[in-house]
Amino acid sequence: MRVNGNPELRFAKRSARSIGRLCLAAILVFGLVFGIVMPSHAEVRLDITKGNVEPLPIAINDFAGEKVARDIAAVVEADLRNSGLFRPIEKAAFIEKISDPNALPRFEDWRVINAQALVNGRVSRTSDGRLKAEFRLWDVFGAEQIIGQQFSTDPKHWRRVAHIIADLIYEKLTGEKGYFDSRVVFVDETGPKDKRVKRLAIMDQDGANIRTLTRGSDLVLTPRFSPTRQEITYMSYDGGQPRVYLLQIETGKRETVGNFPGMTFAPRFSPDGQKIVLSLQQGGDANIYLMDLRSRNTTRLTNSASIDTAPSFSPDGRQIVFESDRGGRQQLYVMNSDGSNPQRISFGTGSYSTPVWSPRGDVIAFTKQTGGKFLIGVMKADGSGERILTEGYHNEGPTWSPNGRVMMFFRDSPGATGGPKLYSIDLTGYHERQIATPSFASDPAWSPLLD
Amino acid sequence: MLTAKSFLMSPSVVAVVLGLALVGCAEKKLPDNSGQLGLNGATPGSQQDFTVNVGDRVFFETDSSSLTITARGVLDRQAQWLAKYPTYPVTVEGHADERGTREYNLALGARRAAATRDYLVSKGVTGSRIRTISYGKERPVAVCNDISCWSQNRRAVTLLAAPTG
């Protein structure tokens, strides 16, 4: 048995008291069996650059081994199905029964049911009680293995193993990085509409492992993930003073961001995680400031008699998109990250707000209000190519998956018993689905891929 | 000892004690003459007097922080009342309806609170008596889904704080 030449993958250790120590070491072990030469490129490939992609039929067998093996395979299957890019085939249609997940499959059995790709796996315990998960992804029509990997981890992190496997399958078959091993911070909302209690909460991107981060005694709004650390910035009314805070997720350590003489709001990190851009309310106007988290220096970026807010950096850190009503209604503007050369980029009917730059850098997502409706859309950074992805009574606040392929946002429903829920939608405007949360939920913000 | 003495002598404490006595009375039996308690049963100079007889809130048009003629009338009465009872500091809360995005509504609520404060100052209320805060769309008072509710939520509310000195 030859060892695949891929580099060893390591998942950084983190001292996570509240979440639990995460120690997920992935060891790449077995690429090759039966003397088959590994191809450098798989033949099965999903082109996701087109508008509406026909989902790829994929057969995912129950993983062999203990009970959690089935659970892991089920999470892999759900991730791939929920992306809208894959169509897992009903297991009842499977012909070959996999007894040894490391053995060469009978490809003709999988061709008959038109599976383009096949996933087999096994889960076992190591002598020290760790969970060992291994899987192989096969190209059915090319009759060859695309990837085979093995991971070992603390059993309580079994869902992360599943997400990592799903990310690898996604990446091998689409050519783009996955987004399943990531989390979402949001605002959990309980109680009647006129007495809402809001708590910061965090969950896996698929809605699992939900927990709250604040107690609900203070109003909290607009949490945003750090691109580099397990840290969020958000706004809180603690002590009756609305301002922006920084919270370390794993230690619960909290600090105020800057010492501003008024309400600070709408914070967001710079791509290097070292700065926070936010709005400061000054009388009837709101202006955008940048604060360096190391030097604590603040820089004023906008200075106009208007509401300038919701700033969001371009992924290269060189520009900032924001909303302003300096021209009348709210519109989107792009300026250099030192505040110079602001240019309006939105010119459609209605008003535009909550711009968020895609991590790919090519488009900006926004909320648009027109004709009494709230829409979520994207436009290129120069304002061209506006495309609406979803519309209705009230859609607001898009956030990007780490690979820039999917957006999450919240949709509010009207009336005394109404409230917001989280939804995700593909960049193409297809595959809209609700993310199940125990209560009403708003202000989602997607984390980067976990490490 | 000195501190305790001045505390006991404080007029605000006296006012609070009186207020409590009146509330206790009203709960147990109606007074013979409601005029003793001021108009509408509100003690002159109380939060209730301010709310009921002066009007503690003004309303705004959609996406606007301009004070309407009606709003100016309410604020004129607020300024007169605050001149008569100069010991109250106030907090002006600015609010927006739900038909806007969160960040913008925070700023819009602040703009409404600032417009209200500026008008009160122009009518002689000392600026240092007035604190402002915005709640954006986070604290609706009316929760139905039409214009009748949204218009009640687009508001600036003047709240009396504990009297000073």
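Quick caveat, the model's predicted, so the values are computed rather than measured.

Quick notes on the rules
Residues numbered from 1 in each chain as written. Chains lettered and ligands numbered in written order. Predicted model: local features only at pLDDT ≥ 70, side-chain atom pairs only at ≥ 80, totals over all residues. Heavy atoms only, no water. Domains from an automatic or database assignment. pLDDT = per-residue confidence, 0-100. Contact = heavy atoms within 4.5 Å. Salt bridge = Lys/Arg side-chain N within 4 Å of Asp/Glu carboxyl O. Helix = DSSP H or I, 4+ residues; strand = E, 2+ residues; numbered from the N terminus. Buried < 20%, exposed > 50% of the residue type's maximum accessible area, 1.4 Å probe, protein only. Pairing = 2+ DSSP bridges. Expected span 1.5 Å × (residues − 1). Disulfide = S-S within 2.5 Å. Phe/Tyr/Trp six-rings, centres within 6.5 Å; stacked < 30°, edge-to-face > 60°. Lys NZ or Arg CZ within 6 Å of the ring centre and 35° of its normal. Core = buried A, V, L, I, M, F, W, Y, C linked by side-chain atoms within 4.5 Å. Polar contact = N/O pair within 3.5 Å; in protein donor to acceptor, adjacent residues only side chain to side chain.

## So, the domain arrangement of chain A
Along its sequence, chain A is organised into domain 1 (7-174) and domain 2 (183-446). Averaged C-alpha coordinates put domain 1 of chain A and domain 2 of chain A at centres separated by 34 Å.

## Points about the confidence of the model for chain B
Residues and elements named next belong to chain B. The predicted model of chain B averages 81 in pLDDT, with 75% of residues at 70 or higher. Contacts for the low-pLDDT stretch residues 1-38, under 50 throughout, to residues beyond four places or in other chains number 11 contacts. Reported for the predicted complex are a pTM of 0.86 and an ipTM of 0.89.

## Concerning the pattern of salt bridges
All names here are of chain A. Scanning all chains against the criterion turns up 29 salt bridges over all chains. A salt bridge links R125 to E66, with the shortest nitrogen-to-oxygen separation between them at 3.0 Å. Here E66 lies in the loop between β4 (64-65) and α1 (67-82) and R125 lies in strand β6 (residues 117-125), a separation of 59 residues in the sequence. On the accessibility criterion, R125 (45% relative accessible area) is partly exposed. Residue E66 is classed as partly exposed on the basis of its relative accessible area, which comes to 28%. With a closest N to O distance of 3.0 Å, E231 and R229 form a salt bridge.

## Brief notes about the pairing of strand β16 (residues 264-269) of chain A
Residue and element names in this part refer to chain A. The element β16 is extensively covered by neighbouring structure, given that six of its six residues are classed as buried. The pairing of β16 with strand β17 (residues 275-282) spans four bridges and is antiparallel. The residue of β17 that forms the bridge with F269 is I276. Remark: five residues form the turn of the hairpin made by β16 and β17, two consecutive strands paired antiparallel; G273 in that turn has positive phi of roughly 75°.

## Observations regarding helix α3 (residues 158-174) of chain A
The terminal C-alpha atoms of α3(A) lie 24 Å apart, and with 17 residues this matches the ideal 24 Å at 1.5 Å per residue to within 8%. Taken across its 17 residues, α3(A) has 13 buried, putting it largely inside the fold.

## Points about the state of the cysteines
In protein chemistry, a disulfide is the covalent bond that joins the sulfur atoms of two cysteines. Residue and element names in this part refer to chain B. In the structure shown here, the tally under the stated rule is one disulfide over all chains. With its sulfur 1.9 Å from that of its partner, C144 forms a disulfide with C149. Negative torsions about the S-S bond denote left-handed disulfides, and the value of about 125° found for C144 with C149 makes this one right-handed. Overall, C149 belongs to the buried group, its relative accessible area being 7%.

## What about the packing of aromatic side chains?
Per the stated rule, a full pass over the model turns up 16 aromatic pairs over all chains. Ring plane angle 15° and centroid distance 5.1 Å describe the contact between Y237(A) and Y135(B), whose orientation is recorded as stacked. Here Y135(B) lies in strand β3 (residues 130-136) and Y237(A) lies in the loop between β13 (231-236) and β14 (243-248), a pairing that spans two chains. Across this residue pair, the class does not change: Y237(A) and Y135(B) are buried. An aromatic cluster is defined as three or more aromatic residues linked by ring pairs; in this entry it consists of F86(A), Y170(A), Y179(A), F180(A) and W446(A). In this arrangement the basic side chain of R326(A) is found over the ring face of Y333(A), its NZ or CZ atom lying 5.1 Å from the centre.

## Section: the nonpolar core
Counting 48 residues, the largest nonpolar core has F135(A), I169(A) and L173(A) as the members making the most contacts within it. Top element by residues in this core is α3(A). It accounts for nine residues. For this core, the domains that each give at least three residues are domain 1 (7-174) and domain 2 (183-446) of chain A. Not counting the four nearest positions on each side in its chain, L173(A) is found in contact with V44(A), R45(A), L46(A), L56(A), I58(A), F86(A), A117(A), L137(A) and I146(A). Core analysis: the second largest hydrophobic core is formed by 22 residues, L67(B), A71(B), Y85(B) and V125(B) among them.

## Quick look at helix α5 (residues 102-122) of chain B
Residue and element names in this part refer to chain B. With 21 residues, α5 extends 30 Å from end C-alpha to end C-alpha; this agrees with the ideal 30 Å at 1.5 Å per step. Summarising burial for α5: 17 of the 21 residues are buried, a large majority. Just beyond α5, the residue with positive phi is G124, at close to 100°.

## Some words on the side chain of T428(A)
Residue and element names in this part refer to chain A. By secondary structure assignment, the location of T428 is in the loop between β30 (421-426) and β31 (433-435). At a separation of 2.8 Å, a polar atom in the side chain of T428 contacts the side chain of D426. Side-chain polar atoms of T428 contact the backbone nitrogen of Y430, separated by 3.4 Å.

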